[in-house]
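Chain by chain, the residues:
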Amino acid sequence: FATKFGDAGLVNQRDEWLAKVDADDVRKAAQRFMNPSRRTIVSVVRGGTPVPTFKSVTSPSSSSTAAKPERFNRAPISKDLIRVSLPSTRETTLRNGLTLLSGKDARVPLVVARFDIRGAGPIYAPAGNPAIPLLAAAMLSKGTPSRSSLQIAEAFDTLGVSVAVAPASDPGAIVVLATGLSETFDDWFPVVSDVVRNASFPADELTSIKRRIVSDWQMRRSQSFVQAAELFDAALYGPAAAINLSEAAVAGVTSEQLRAWHLERYAPQNIILSIVGDVDDEDVVEEVEDRLGGWARGAFTPTAPPITLPEKARVTIVDRPGSVQTSLAFGVPAVDRAHLDVLPLVIANRVLGGSPVSRLFRRLRGELGVTFGVSSVLQAHAHGGDWRTTADVTSARVDEGIEAFLAELRRIGAEPVSAQELDDAKRSMVASFALTLEQLAPVVGYISSRRVYGLSTDYWDRYPERLMAVSAEDVSRVARQYMDMARLQVVAIGDATQLEPLLSPLGATTVVR
């Protein structure tokens, strides 16, 4: 409301305005805007004879006489390379080892503070209780020695601060992301700092958080694709890296265990703090020094997580007799985030299954109609990564779905991508990246990632240029190298009597009944 209407206080009148809207108001708005003189009709057909596409050029203020339609065979595409530039940042290392990245971005009157807490993520969970990292993250804002859970919530609400705490996309870290107004930064950052540094994990709050965690986990586990993802993580990274959460594991966690975990893992030398927004750099450094400079350095330093990469192809089938839908996941080990092959791999993934016009989507949904959705994703972390594809396929035609899946996995490395596929993939990725720069939180995430993964300082500034430089030969090379059917990992949840004959030829097969 502050940026759109110039008055943040108008948010308090929104409900009053909505309450006064009646049917006549809706009718008048529809007559004004849902008007033939303002209409644009677009029709698109892939292949064959182009269907005329009509665009109304009648202005809202002109008469209702229809304008002469214009015809386009396809949407116009700019061939200009998008140029981007992230805010320049200053890196400061506090005496206790905390790394601060600070920068100025005055496009909106906001500040984003992002804590990347390395070594505190679920992949480092102690073998005795894998629920500890997740509960510790969920409990951060539930109390400190100087503030109760209610006081923290009221402070965030009063100051207009949103705070999210969750495992990072890289499972080795926890991310605390706080967004608030720049004019109150000096008021809300001390509260966020207190939460991260001094969480006390009160026992009464822990009881309610446990109920919520168990409820969320049970709901997620009822969805077969979630269970497939958990099994797939175990297949690709080894049992020690899998997050095998259970009701018993959650129930066994104590406040003392959480405090010990927090003391060891939430230590300044393991934190990269990125703060960017409409605030002076010197003020940021001074505020961080005041609030976190006295935080005692710990002894723990993250090492490589306990991952075990597969050497041979394996198939895991979870038996659900009579299931009308089968969850399928296929994938292979890939590369870590700093690897030079990441960019050609993300392009290969885009062509394979990373968009609604990808090969897998067109084949399994568009042509065969065996699924509502299919996708692939490249995951690149600090200590490895994977390339996986997933879909829920109708069981009555799962043989067709599996055959099409495998054909496309083999094809991506066997046949060069066409010039059109390559150009579409690269330009859509560049455009998607550019759109994310409109919001401050993703920008801070990019700035943080340079330090977290050891990327060059100009990595994101040159990202569009480097994406556009990827060639068809680059895509074919990485696809052949990494989409190795001899190391393919397969997880299927459905009727084992139907699935085992179809999947067992791919590798050693385990059926979980």
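Keep in mind it's a predicted model, so treat the numbers as computed, not measured. (Residues numbered from 1 in each chain as written. Predicted model: local features only at pLDDT ≥ 70, side-chain atom pairs only at ≥ 80, totals over all residues. Heavy atoms only, no water.)

1. Section: the overall build of the protein
No. 1: Helix and strand counts for the protein stand at 19 helices and 16 strands.
No. 2: Its C-alpha radius of gyration of 26 Å places the protein within 12% of the 24 Å reference for a compact globule of 513 residues.
No. 3: Considering the protein as a whole, with its 513 residues, one finds that 46% of them fall into the buried category.
No. 4: Across the protein, the fraction of contacts at a sequence separation of at least 24, relative to all contacts at a separation of at least 6, is 79%.
No. 5: Total accessible area computed for the protein in this model is approximately 25600 Å², and 53% of it derives from carbon and sulfur atoms.
No. 6: One way to put it: in the protein the 56 positive side-chain charges average out to a point 5 Å from where the 59 negative ones average out. (Helix = DSSP H or I, 4+ residues; strand = E, 2+ residues; numbered from the N terminus. Rg over C-alpha atoms; globule rule 2.2 N^0.38 Å. Buried < 20%, exposed > 50% of the residue type's maximum accessible area, 1.4 Å probe, protein only. Contact = heavy atoms within 4.5 Å. Areas by Shrake-Rupley, 256 points an atom, 1.4 Å probe, with all protein chains shown as cover. Lys, Arg positive; Asp, Glu negative; His and termini not counted. Charge placed at Lys NZ, Arg CZ, Asp CG, Glu CD.)

2. A short note on the packing of helix H4 (residues 132-139) against helix H10 (residues 255-265)
No. 1: For the pair H4 and H10, interaxial distance at closest approach is 10 Å and the crossing angle is 85°. Taken together, the axes of H4 and H10 lie roughly perpendicular to each other. For the pair H4 and H10, contact is made by Ile132, Pro133, Leu135, Ala136 and Met139 and by Gln257, Leu258 and Trp261, respectively.
No. 2: Broken down by class, the residue content of the contact of H4 with H10 amounts to 7 nonpolar, 1 polar and no charged. (Axes fitted to C-alpha atoms, helices over the stretch in contact; angles between N-to-C directions. Parallel < 35°, antiparallel > 145°, perpendicular 65-115°, else oblique. Nonpolar A, V, L, I, M, F, W, Y, C, P; charged D, E, K, R; others polar.)

3. Describing the sheet that holds strand S9 (residues 173-181)
Neighbouring strands of a sheet are bound in pairs by backbone hydrogen bonds; such pairs are parallel or else antiparallel.
No. 1: Pairing is mixed in the open sheet, where 6 strands are placed in the order S3-S4-S10-S5-S9-S8. Of all strands in the sheet, those bounded by a partner on one side alone are strand S3 (89-93) and strand S8 (162-167). Averaged over all neighbouring strand pairs, the angle between strand axes comes to 15°, with direction disregarded.
No. 2: In the packing of helix H16 (residues 440-452) onto the sheet, the strands contacted are S3, strand S4 (99-104), strand S5 (110-118), S9 and strand S10 (271-277), and the crossing angle to S5 comes to about 35°. (Pairing = 2+ DSSP bridges.)

4. Re the layout of surface pockets
No. 1: By volume, the second largest pocket amounts to about 1100 Å³.
No. 2: Lining the second largest pocket are 40 residues, and of these Ser169, Arg337, Ala380, Tyr453 and Trp460 sit closest to its centre.
No. 3: Every element with two or more residues in the lining of the second largest pocket is listed here: S5, helix H12 (342-352), strand S13 (371-381), helix H15 (419-436) and H16.
No. 4: For the lining of the second largest pocket, the element with the most residues is H16, which contributes 6 residues.
No. 5: Taken together, the residues of the lining of the second largest pocket sort by class into 20 nonpolar, 14 polar and 6 charged. (1 Å grid on protein atoms, 1.4 Å probe; cavity = no way out; pocket = protein on both sides within 12 Å on 5 of 7 lines; lining within 4 Å. Points joined across faces, edges and corners; volume = space filled by probe spheres on them.)

5. Thoughts on the sheet that holds strand S11 (residues 314-319)
No. 1: Read from one edge of the open sheet, 6 strands run S13-S14-S12-S15-S11-S16, paired in mixed fashion. Across the chains shown, the open sheet's two edge strands, defined by having one partner strand only, are S13 and strand S16 (508-512). Between one strand axis and the next, the sheet turns through 15° on average, direction left out of account.
No. 2: As paired strands, S13 and strand S14 (residues 384-394) are joined by 9 bridges and run antiparallel to one another. Bridged to Thr371 within S14 is Val393.

6. Some words on the nonpolar core
No. 1: Within the largest apolar cluster, 71 residues are counted, with the highest numbers of intra-cluster contacts made by Phe330, Ile347, Trp387 and Leu503.
No. 2: A total of 8 residues in this core trace back to one element, the largest contributor, which is H12.
No. 3: When residues no more than four places from it in sequence are discounted, the contact partners of Ile347 are Leu422, Ala425, Lys426, Met429, Leu467, Val470 and Val475. (Core = buried A, V, L, I, M, F, W, Y, C linked by side-chain atoms within 4.5 Å.)

7. Here's the deal with helix H6 (residues 185-198)
No. 1: Taking 1.5 Å per residue, 14 residues should reach 20 Å; H6 reaches 19 Å between its end C-alpha atoms and fits that length.
No. 2: Residues of H6 that are buried: Phe185, Trp188, Phe189, Pro190, Val191, Val192, Ser193, Asp194, Val195 and Val196. (Expected span 1.5 Å × (residues − 1).)

8. Let's talk about the side chain of Glu421
No. 1: Here Glu421 lies in helix H15.
No. 2: Excluding anything up to four places from it in sequence, Glu421 contacts Val351, Arg359 and Arg362.

9. So, the packing of aromatic side chains
No. 1: With the rule as written, the count across this model stands at 11 aromatic pairs.
No. 2: Taking the centre distance of 5.3 Å and the plane angle of 85° together, the rings of Phe185 and Trp188 count as edge-to-face. Here Phe185 and its partner Trp188 are both found in helix H6, 3 residues apart, which amounts to about one turn of the helix.
No. 3: Under the relative-accessibility criterion, Phe185 is labelled buried at 1%.
No. 4: The buried category is assigned to Trp188, whose relative accessible area is 0%.
No. 5: Site record: aromatic cluster; members linked through ring pairs are Phe433, Tyr446, Tyr459, Trp460 and Tyr463. (Phe/Tyr/Trp six-rings, centres within 6.5 Å; stacked < 30°, edge-to-face > 60°.)

10. Let's talk about the confidence of the model for the protein
No. 1: With 90% of its residues at a pLDDT of at least 70, the protein reaches an overall mean of 89.
No. 2: In this model, residues 49-66 is a region of pLDDT below 50 whose contacts with residues beyond four sequence positions or in other chains number 36 contacts. (pLDDT = per-residue confidence, 0-100.)

11. Details of the packing of H6 against helix H11 (residues 281-292)
No. 1: Two elements in contact, H6 and H11, have axes whose closest approach is 10 Å; the angle formed by their N-to-C orientations is 40°. By the angle between their axes, H6 is oblique relative to H11. For the crossing formed where H6 meets H11, the hand is right-handed. For the pair H6 and H11, the contacting residues are Phe185, Asp186, Phe189, Pro190, Ser193 and Arg197 in the first and Val284, Glu287, Val288, Arg291 and Leu292 in the second.
No. 2: In the contact of H6 with H11, the residues fall into 6 nonpolar, 1 polar and 4 charged. (Left-handed = near helix turned anticlockwise from the far one by under 90°.)

12. Description of the pairing of S10
No. 1: Counting buried positions along S10 gives 7 out of 7 residues, so the element sits mostly inside the fold.
No. 2: Burial along S10 is two-sided: the residues Ile271, Leu273, Ile275 and Gly277 and Ile272, Ser274 and Val276 are all buried.
No. 3: Sheet topology note: the S5/S10 ladder contains 7 bridges and is antiparallel. Considered in S10, the bridge of Asp116 is made with Ile272.

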